[in-house]
Structures are given as structure tokens and as C-alpha cells.
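Architecture and fold: a report
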Protein chains: 2
Amino acid sequence: MARKPTVYDVAREADVSIATVSRVLRTPERVRPETRQTVLKAINLLGYLPSGSARSLAARRTNTIGLFLPNIDQLDQIGDFELVSEDAADIVVDPPHAQENNSDSLYFDEVLRGCELESWRQGLSLMVSIGLKGKDGDIPQLINSMSEKVDGLIVLARSVPDSVLAFLRKRLPVVMIANAPVNQESEFDLVRVSNRKGMYTLVRHLFEKHQVRQMAYMTGMDDSPDNGKRYEGFCEGLKSEGLEPSAAPIYRGQFSQSVAYQIAASLARQGTLPQALVCANDQMALGVLRALSDAGISVPDQVIVTGFDGIKEASVSQPRLTTVRQPMVDLGRAAVSTLVRRLGSPECPPISTELPVQVQLRESCEGTMV
Amino acid sequence: MARKPTVYDVAREADVSIATVSRVLRTPERVRPETRQTVLKAINLLGYLPSGSARSLAARRTNTIGLFLPNIDQLDQIGDFELVSEDAADIVVDPPHAQENNSDSLYFDEVLRGCELESWRQGLSLMVSIGLKGKDGDIPQLINSMSEKVDGLIVLARSVPDSVLAFLRKRLPVVMIANAPVNQESEFDLVRVSNRKGMYTLVRHLFEKHQVRQMAYMTGMDDSPDNGKRYEGFCEGLKSEGLEPSAAPIYRGQFSQSVAYQIAASLARQGTLPQALVCANDQMALGVLRALSDAGISVPDQVIVTGFDGIKEASVSQPRLTTVRQPMVDLGRAAVSTLVRRLGSPECPPISTELPVQVQLRESCEGTMV
DNA sequence: CATTTTAATGTAAGCGCATACACTAGAAAG
DNA sequence: CTTTCTAGTGTATGCGCTTACATTAAAATG
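Here is a short report on the structure shown in this document.

Parameters and conventions
- Residues numbered from 1 in each chain as written.
- Chains lettered and ligands numbered in written order.
- Predicted model: local features only at pLDDT ≥ 70, side-chain atom pairs only at ≥ 80, totals over all residues.
- Heavy atoms only, no water.
- Helix = DSSP H or I, 4+ residues; strand = E, 2+ residues; numbered from the N terminus.
- Buried < 20%, exposed > 50% of the residue type's maximum accessible area, 1.4 Å probe, protein only.
- Contact = heavy atoms within 4.5 Å.
- Areas by Shrake-Rupley, 256 points an atom, 1.4 Å probe, with all protein chains shown as cover.
- Core = buried A, V, L, I, M, F, W, Y, C linked by side-chain atoms within 4.5 Å.
- Polar contact = N/O pair within 3.5 Å; in protein donor to acceptor, adjacent residues only side chain to side chain.
- Near = heavy atom within 4 Å.
- Nonpolar A, V, L, I, M, F, W, Y, C, P; charged D, E, K, R; others polar.
- Salt bridge = Lys/Arg side-chain N within 4 Å of Asp/Glu carboxyl O.

Brief notes about the overall build of chain A
- Across its full length, chain A holds 13 helices and 13 strands.
- Here chain A holds 370 residues, and the buried ones make up 57% of them.
- Here the analysis covers contacts within chain A between residues at least 6 apart in sequence; of these, 71% occur between residues at least 24 apart.
- With the model as given, the accessible surface of chain A reaches about 16000 Å², and the carbon-plus-sulfur share is 49%.

Notes on the environment of A:Arg341
- Mapped onto the fold, A:Arg341 is located in helix H12 (residues 328-344).
- Spatially, the C-alpha atom of A:Arg341 lies 9.0 Å from that of A:Ile351, the residues being 10 residues apart in sequence.

Observations concerning the nonpolar core
- With 96 residues, the main nonpolar core has A:Ile154, A:Met215, A:Phe234, B:Ile154, B:Met215 and B:Phe234 as its most contacted residues.
- Residue contacts for A:Met215: discarding those within four places in its chain leaves A:Val203, A:Leu206, A:Phe207, A:Phe234, A:Leu238, A:Ala248, A:Pro249, A:Pro274, A:Ala276 and A:Val278.
- Core analysis: the second largest hydrophobic core is formed by 38 residues, A:Met146, A:Val150, A:Val160 and B:Leu153 among them.

Details of the environment of B:Gln283
Residues and elements named next belong to chain B.
- Summarising the element assignment, Gln283 is placed in helix H11 (residues 282-294).
- Using a relative accessible area of 6% as the deciding quantity, one classes Gln283 as buried.
- Each C-alpha atom, one on Gln283 and one on Ser258, is 8.8 Å from the other, the two residues being 25 residues apart in sequence.
- Among the polar contacts listed, one links the side chain of Gln283 to the side chain of Gln257, at a separation of 3.2 Å.

With respect to the protein's contact with DNA strand D
- Not every one of the 24 residues close to DNA strand D is listed here, only the nearest: A:Val7, A:Ser22, A:Arg26, B:Arg23 and B:Thr35.
- A:Arg26 places a polar side-chain atom, nitrogen or oxygen, 2.5 Å from a phosphate oxygen of DNA strand D.
- Residue B:Arg23 places a side-chain N or O atom 2.5 Å away from a base oxygen belonging to DNA strand D.
- Going through the elements one at a time, helix H1 (7-14), helix H2 (18-26) and helix H4 (52-59) of chain A together with helix H2 (18-26) and helix H4 (52-59) of chain B are the ones with two or more residues in the surface near DNA strand D.
- The greatest single-element share of the surface near DNA strand D, amounting to 4 residues, is contributed by H2(A).
- Looking at side-chain class alone, the surface near DNA strand D contains 13 nonpolar, 6 polar and 5 charged residues.

Some words on the pattern of salt bridges
- Here the structure, examined in full by the defined rule, presents 35 salt bridges over all chains.
- Two residues, A:Arg342 and A:Asp189, come together in a salt bridge whose shortest N-O distance is 2.7 Å. One end of the pair, A:Arg342, is in helix H12; the other, A:Asp189, is in strand E6 (residues 189-193), with 153 residues separating them in the sequence. Here A:Arg342 and A:Asp189 have matching classes, each one buried.
- Put simply, B:Arg320 and B:Glu363 hold a salt bridge, and the shortest N to O gap is 2.9 Å. Here B:Glu363 lies in helix H13 (residues 363-366) and B:Arg320 lies in the loop between strand E10 (304-306) and strand E11 (323-325), a separation of 43 residues in the sequence. In terms of burial, B:Arg320 and B:Glu363 fall into one category: buried.
- Several salt bridges share partner residues, and in doing so they unite A:Arg204, A:Glu208, A:Arg213 and A:Glu241 into one network.

Below you can see the structure in the form of C-alpha cells.
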């Protein structure tokens, strides 16, 4: 690879000025067709590729947006990677449930897909990075190194410490997905789903179609607005039926299969299971399904179980899980869309969007379906 | 947001030269500690964030690498996205098998994860884009817009037309994942898995532990080296047992569940099922499982079925699928790792790495496991 | 045919940084 | 006390573009 050709090389080759070369690329309609052809020929001949850095610098915009995803698992635990070609293929026996899969990542992947898709359509480049929860003090190097290079940021809730967000917000538009940093809501654009409405609709369904009179709620420790709304929806559902929310038991654990498993198992032992166990997310619901199955309790005949999120596993579990599906891909697309609007009008008030969800009825409440 | 502060602002504030400001950021050890403090204070005060564009331009490198993923489905079919907040939550009944899921994308997501991870560790930014198969003629705008901004590229096989790759290769290091463009192998660094060895090991297992004497191979139309190697491994396995590869039937369809379903269904009707049906990928194998289940044929008692890839669905199917797991995340990591090496030594000969795979034994060959 | 308008191109000034080189003052060496 | 180094800092140039402005030629207008 010889030295990369620049505008100057192209200009010389085509015997025009560098301004004309630039115009051929940016505003072709402003240059005479014959000239354009000459220049394009030179570009092809030299294999010229403009420098993004120079362009961004001169144009004062990068046409790139950044996306922060939450930390996956324990990044710290991930060691160096060695490039060694091994020679044998292992054989391992893979027992069922071997993997307590952290399939939250799937959630992120879908959001990412949406961002990818929409930025592609908008002609923007997308930069992706893993957020660091780390200590809040100094802005972590990596968050910085990305922020330098983009016009705006999209941040999934809980990927980046609030304090860091506050700092970044001073220099860049930031669109939050799911939740804005507490006490700074008015500073950020926000895209989220209608958690309250989704849960409400689900609860109404349980009343109307299944004559459930008694339900319990299972959730994690997280008190994010995002999550709080789901509980609100639950309570409203109860009230709409003339029931007192405080009468419905609420079980708090963690948003994981294993913890939910334990809770459900102990409820089963004590014989204190409700008619319907409404879970704040799918992971918990899946744990519950396993626990009830192990305890010999039939779902949905004896107990109805519901989840929230619409992760892939929920559609292949035994029985398949009734859940409220979040439009993850659309979340990503909406975030990009919002960011683009924001870049267009930096001064307009915060944009907040709530995307509709979809209650998906499956066997964990409906009984056998074909 | 007022005008963004620059080195000049910081320099004035700290009463030093811009060179010193730059040094504080790049080579802190070369500036007196007191000066450093003053400058850092100014940086914080102003909320200064260096410009990536300017930096990259001056330093002649972006510290960013690009990743091209294959087109998902029909991008063309994806319409405009409207930012409307709807008010209701839909309720839909979700029948089983509603989704002929394009879970290849999961494969990409894992590779992406690996790239993310490793570039994070290497202190590089990662830019992600969807490749365009499109017409080969002119380099699509989007591939261009990304290539301008990165130091090197990682490309999943079949994301970008070979001709475009040939063009890009002239200007940038390009690391291929899975397959290099035909006839240009020697131009690209390559990271792939040991397909041949994996398939061979799997076939050996079927011979040794299951006394299978008669197997058939099912594959798609793709004749990529990547895929060809799997068949090679299959043949070698047969030969190692003294069998003639040509004696084993080979069924060609497409790498999809639905096509595989049809093939297997018709084999079942004709009563020409082999003892073991070795599939070139998991999607096909899953289709086969469904077909056999519908035909009332028991797996693995009557027919053994195996896949290749290790996608998530394969671990939750009924029965769970024996397969050869590709280390997708490691593929991504290895690709980044390779690219970094390449950037370090542009002139060294092509780097080709083969990562080991893992045969995962599950119920589709082993019978009931706990 | 002189004058105004328009289209096409060129000239030149940055964009915000990194860095080679120059410079200074004090420390080390003689 | 002079000379040589060295550490710390500043000066100035250029990275490869975009774009405001100037310039010129051709077309439109009266």
C-alpha cells in the first residue's frame, strides 16, 4: 500500500482544483457533467478514498453516532486472547440447563440491530461500545475515546454512570433508551416502551378471559422508573377490578432465573401459590416455570405464569410463556430517529417517545394451543 | 451547548501552549507534574473533549476498526420508521412455530460481541455496518462512508461483494471471517474454524459410540470453502472406517429449516432414511427434527440427527441437538486480534488462523440424558 | 452591443490537533 | 566558572478536507 492518494493527487490527475474534486463528491450537481466525469475517472484510477477524519474536521460533523450497551457479565474476568490454532476438536457432553444464559444480551442485540438498521437508512455510521459501570470519578478513557468521534450518543439505561452522562451531555446530544438518569430527566431525549400499559392490558386479560381473582407479583430489586411502571400497571389492573393492590402479594428477588426459581419453589412448598404469578420480566418467569415443573405443579392448569420482555427463550419454553413483548428493534430505530431529529434542531425541548408493546398469549396462560 | 472548547481554549485557560495541552493528554510523563495539574484543571473546568477528527487527521490513524455484518433478511423491505406514540397495547395470540426465525443473525451477534469485547480491550473503537450484497459495479456509498473512517476492516464472509473487497483491500487491511474472497485468498488475513476437523470428529463419534454403519449428508447449495470443508470432514470420517464416501447419499437443499423439513419428510415417506442424518448446519437439522417428529419417527432411537454451528435453538429443541459448536465470540476476538497485528506490521504475509470447534453431544444422538 | 445574471471553477483560509524543531534554564560535568 | 546535557516548554507546520469568496466566461437581458 503506497501512500494513500489525496484530493491533491486526484486534482492533479484530473487537472482541476481540489475544490472541484470535493464538489464532485459532495455537490455533484454544481459541476459540469464533463468535468465530473474526468474527476470520477481520476478517482477510480487512483483508488481514491476520502479521509473521514479530514472531512469530519472540515465539515464539523462526523456523520457517526455512538451506541453504548451495558457491560456484559464480568468483563474484568475476561482474559487475554491468544491466537493459537489448536489441532483437535473437543468432545463434550452438554447436560440440559448447563447454561444459566445471560440472555439479557439478546435484548441488547436486538436494540443494536435496530440502531444499525436505522442509521444505515439514514446514511450514518454507527459506533458501538460497551459501557463501563466503573467508578464515577474520572470519565473512563473508553467512553471518551468514542465520544470524541461521534455527533451524538445513544445510551441504554444502566450502561454508563449517571455522572458520566451528565458530563457527556454538556458536549453532545444524548438519547437514552428505557430510562433517563435520575434527576436529569429533562436533559435527555428518551425512548421507552409503555410498560404500564402493557402490564395493565395483561392483567385485564387475566381477569377477563381467565377469571383470575387472586394474583401475586414477582419482581427484582431494581427501582428504575422503567420497572416501576410495570408494577403501576399491575396495580391499576387490580383496581380496575375493584381489588386492593396491597392485597396482592409482591415477591422481591432478583431479575434472574435462579432467584425466581428459589422463590417459586418455596411458595410451592408452603402451598402459598396464587392463581396467577405475574412476573416483572421473562427471566424470572422462566425460573418460575422450571420450579413449578419440578414441583409437579401444572401450568397453566393450577397456576398461570406470565413474563415481560419477549425474549427468545420465552417462545420455546415448556410451556411457552405468555409475555408482553417489547419492540426491541423498534426501540433502537426510534432512538436513532430521535437522535437525528435532535441533531437537526439542537434547541428544541426534550423528545420523549413511548413505543407500544404487545401482549403475547401463549400456553403459560392459555392452556394447550395447536 | 456553546461552541465546543478546543486546545486553544484550554491552553489560554491554563496559560500554556497548545503543545503542552496536547502533551498532557498524549504523553503526560513528558510534562512537569504541576503543569499537568494546571492543565487538567482547565480541561475539567471547560469540559474539554478533544476532537477525534482532528486527532485522527494529525495522527494519521483513527484507532477505529470497522466490522461488516451480512445483510439481514430483506433490508429493502424495511420501510420508513415513524415516531408515533400509540396508546393501546395489542393483544395477539402467538401460535407455536410462528416464526421461521432467521437466527443466523444470532450467529453474527455473537461474533459482534467478540469484536466489541476485544476492541474494547485493545483500546480501539468499533464501527459496525451492514454489508450490502447489491450490484458490484460502484462501491456502495455506505461501505465507503465507513471505510473512510477506520484503520482496518473485519468482514464476515458474504457481507460484501468480492469485487468491492478487492477495491477496499487496496486501501486498508481487511480481515475476513469464515471465508476469503475466491481467487484472492492470498490478499486477505483470515480467521475461521476447523470445520473439517469438527465434522470428522463428529462422524468418528457416531461410528465409535453408536455403531452407525450408514449415514447420509444434508447440505445447502453453498459451495464456499467453509462449507466444503465440512463435507470433506464427513468423507474422511467415512474413509477412516473403510467406507466409500460416494456410497453415502448426499441431499442438497437450502440452509433453512423449511427446506430441510421437506427433504426429511419425503425421505420418511419413502422409507429411505439412513441410520444417521448428518446436517451441514443447525437450521437444517432443526427442520429435520420437526419433520421426523411429525412423521412419528423417534430421534435418536430410529434415526440419529446432528447439526453444525451451535446456535441457541439447538440447545432447546426437542430433542436437543447434537452439534459442532463454533466459538463465535472467539472468532470475533481473533479477528480483532489479527487486525491489530496486521496494523502493526503491514507488510508481513497473510495471517490465517483456524480456531478449534467443540462437538456437543446431546439427545439427538445420545438418547435420554438427565 | 453594453449590461446584468448565472454557471463553473479556482483561491485561500481554516477545521483542531500532533509533533518536529527551536529555545530556555537549570543540572551535571569538567 | 565554563561547557555540555537534559527536562520542560513554545513555535510553527501540516494532516486532507470543506467552503466562503473571488474570478472568469458564457448566457440572458434590454
